[in-house]
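Here is how the chains run, residue by residue.
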Amino acid sequence: MIRKKLLALLLVAALAFGLAACSKKSSTEPSSVSGSLRLPFCAEEMIDPYGETASFNRLLSELVYESLFVIDESCMPVEQLADTYILEDKTITVTLKSALFSDGSALTSKDVVFSFNRAKQSDHYKAALKSIEAVQEKGSSVVRFTLASKNVYALNLLTFPILSQKNNRIGSGLYALQEEDGAYSLAYNKNHEGDKPHFDTIELVECADESSAQKLFNSEKIDYLFESLAEGNVRTSAIQSAKAKLNNLVFLGINSKKGLLKDAAFRKAIAYCINQSELCDTALEGFGIATATPFDSKWSEMGSIVADSVLSNAKQAKAAFADAGCAYDKMGINLLYEEKPISLTILVNSTNNMKIALAEQIKTQLIGMGISVDINKMPLDEYNIAVENENFDLYLGEVKIPNDFNLDCFFANDGGADFGIDFSTIQKTYVLFKGGNASLQDFVSAFCAQMPFIPICYRCANVCLGAQLKTQGTISENMAFPQIREWSK
């Protein structure tokens, strides 16, 4: 019987790489556009960050609502509605800034508690917030969060939108949703502190789904389209575009309970064969940020961390193969174990073109080191069953990593991506690290020594921008409209 958690995570993993996207505009004449910013919007679902909303509506919530903290380019939390905080043991006490909702009412701790409880029940936030057990009011401007266990990076989780408990469409963001004669727009929130943005009104253009949003962009009726590249289809570029980093870790799963793959030295050798940078540049067409660890390489905490598994090293690979008892034949071409050629199979979703391209290139890299490789392409349902039953040598997967870099999906029973992993060798170090009792370097060293799976990259989305739109800041999943005050045409 397939576990629900598996399906929840591996659906993401198997579908992980691309919508057919923005088409390059054919006209050489500049289009006639208004001075307003035009964004896709689904009026049927409105802007509800905790509802079953279209992806572009969820992005719009960033403009309408604020959160206690936001995640910056270095993956660190920065105070937004939080004024001060105390993180100790299993509690976080946050004192709120003085802030007003767009209707002029004061934001209080009651609104934070209300928003947190909604977030805990929502599909989009509940997985990340499962490690926070509860929140309590400790006064009109103070809230206290209780953690299930100690988590030194728990502040990164306090990024859920804060909405008014009296009217869920009202937030304290730079803009407020307004409707006139059936037409929707975002209007500058005059109660928001700071300079007025260049766009005092944002036009919301009705569209039913992502496919219609693509058509609107191609016909120059909207100026911004954020595409997750979730299905693996090849996309074409807009005249102006940007890559937006996602929290999606792409990895090569290893069945460490099977044959030669039980040997940590052999798993390390396989990792040394993989050139993540090359995979990102070619198979993923640049839509990936290479990493040799399970963590985002852009995370500032990684600056001084040494990873024993670097982005491919043939000399170290051969040394690790020798440690695992492998040797090359007399011609120095084929790698042997107990005088027999080594053969591995990579399991991949057959409906995902980019993922297939990734598997093909990994195959080439391993063949170059003397290993025979077959690719087993399966439809999504069959792929999920094979992974669930651990019927693989290697498999290509992808999971969403929470902002606190929690890796429970790999190192907790029924985590959803724990297939083929032998917990006994690394789980203790992971638990110590997660609770602040082992350093990040301690965990990375333990991970590289055992190599329970091979990290490839943190994947990127494609953001299509209108030819006349001038943006500021680095767009990412955590901040889709950075420095929006400065955007202009």
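Relevant structure appears above.
Residues numbered from 1 in each chain as written. Predicted model: local features only at pLDDT ≥ 70, side-chain atom pairs only at ≥ 80, totals over all residues. Heavy atoms only, no water.

1. Describing the pairing of strand 8 (residues 142-147)
Where strand 6 (residues 91-96) lies against strand 8, 5 bridges are found, and the strand directions are antiparallel. Its bridge partner being in strand 8, I92 is matched across the sheet by F145. With antiparallel pairing between neighbouring strands as the criterion, strand 7 (residues 132-137) and strand 8 make up a hairpin whose turn holds 4 residues, including G139 at a positive phi of roughly 125°. (Pairing = 2+ DSSP bridges. Helix = DSSP H or I, 4+ residues; strand = E, 2+ residues; numbered from the N terminus.)

2. Let's talk about the sheet that holds strand 7
Across the sheet, 4 strands lie side by side as 5-6-8-7; this open sheet has antiparallel pairing. Of all the strands in the sheet, just strand 5 (82-88) and strand 7 have a single pairing partner and so form its edges. In this sheet, adjacent strand axes meet at a mean angle of 20° when their direction is disregarded. Across 6 bridges, the pairing between strand 5 and strand 6 is antiparallel. Paired with A82 across the bridge in strand 6 is L96. Against the sheet, helix 3 (residues 109-121) contacts strand 6, strand 7 and strand 8, and its axis sits at roughly 160° relative to strand 7. (Axes fitted to C-alpha atoms, helices over the stretch in contact; angles between N-to-C directions. Contact = heavy atoms within 4.5 Å.)

3. Things to note about the pattern of salt bridges
Here the structure, examined in full by the defined rule, presents 13 salt bridges. Between K126 and D123 there is a salt bridge, with its nearest N and O atoms 3.3 Å apart. The partner of D408 in a salt bridge is K434, and the shortest N-O contact between them spans 2.9 Å. With D408 in helix 11 (residues 408-411) and K434 in helix 12 (residues 427-434), this pair connects stretches of sequence that are 26 residues apart. (Salt bridge = Lys/Arg side-chain N within 4 Å of Asp/Glu carboxyl O.)

4. Some details on the sheet that holds strand 17 (residues 335-337)
The 3 strands lie next to each other as 16-17-18, forming an open sheet whose pairing is antiparallel. This sheet does not close on itself; its edge strands, each paired only once, are strand 16 (326-328) and strand 18 (340-341). Note: strand 17 against strand 18, 2 bridges, orientation antiparallel. Counted as the bridge partner of L336 is P341 from strand 18.

5. Considerations on the packing of helix 12 against helix 13 (residues 440-450)
Where helix 12 meets helix 13, the axes come as close as 9 Å, and the angle between the chain directions of the two elements is 160°. Overall, the two elements helix 12 and helix 13 adopt an arrangement that is roughly antiparallel. Once helix 12 is placed against helix 13, the crossing between them reads as left-handed. Residues T429, Y430 and F433 of helix 12 touch helix 13, and the partners they reach there are L440, D442, F443 and A446. Grouping the constituent residues of the contact of helix 12 with helix 13 by class yields 5 nonpolar, 1 polar and 1 charged. (Parallel < 35°, antiparallel > 145°, perpendicular 65-115°, else oblique. Left-handed = near helix turned anticlockwise from the far one by under 90°. Nonpolar A, V, L, I, M, F, W, Y, C, P; charged D, E, K, R; others polar.)

6. Digging into the packing of aromatic side chains
Scanning all chains against the criterion turns up 31 aromatic pairs. Consider the rings of F410 and F411, whose centres lie 6.2 Å apart with planes at 50°: the pair is tilted. We note that F410, like F411, is buried. Note on F481 and W487: the rings are 5.8 Å apart at their centroids and 55° apart in plane angle, and the pair reads as tilted. Exposure class is identical for F481 and W487. Each is buried. The ring of F287 is capped by K243, whose NZ or CZ atom sits 4.9 Å from the centre of that ring. (Phe/Tyr/Trp six-rings, centres within 6.5 Å; stacked < 30°, edge-to-face > 60°. Buried < 20%, exposed > 50% of the residue type's maximum accessible area, 1.4 Å probe, protein only. Lys NZ or Arg CZ within 6 Å of the ring centre and 35° of its normal.)

7. Examining the environment of I132
Here I132 lies in strand 7. Exposure remark for I132: the relative accessible area of 0% places this residue in the buried category. Expressed as a C-alpha distance, the spacing of I132 and L158, which sit 26 residues apart in the sequence, is 9.7 Å. Contact partners of I132, with chain neighbours within four places excluded, come to F116, K120, F145, T146, L147, L157 and L158.

8. Considerations on the nonpolar core
Nonpolar side chains in soluble globular proteins tend to end up buried together. Formed by 85 residues in total, the largest nonpolar core has its most connected members in F266, F295, F321, I362, F410 and F411. Top contributing element to this core by residue count: helix 6 (residues 264-273), with 7 residues. (Core = buried A, V, L, I, M, F, W, Y, C linked by side-chain atoms within 4.5 Å.)

9. Focus on the layout of surface pockets
Of the pockets and cavities examined, the second largest pocket occupies roughly 310 Å³. What lines the second largest pocket is a set of 17 residues, among which L81, S98, A99, L100 and E193 lie closest to the centre. Per-class residue counts for the lining of the second largest pocket are 6 nonpolar, 8 polar and 3 charged. (1 Å grid on protein atoms, 1.4 Å probe; cavity = no way out; pocket = protein on both sides within 12 Å on 5 of 7 lines; lining within 4 Å. Points joined across faces, edges and corners; volume = space filled by probe spheres on them.)

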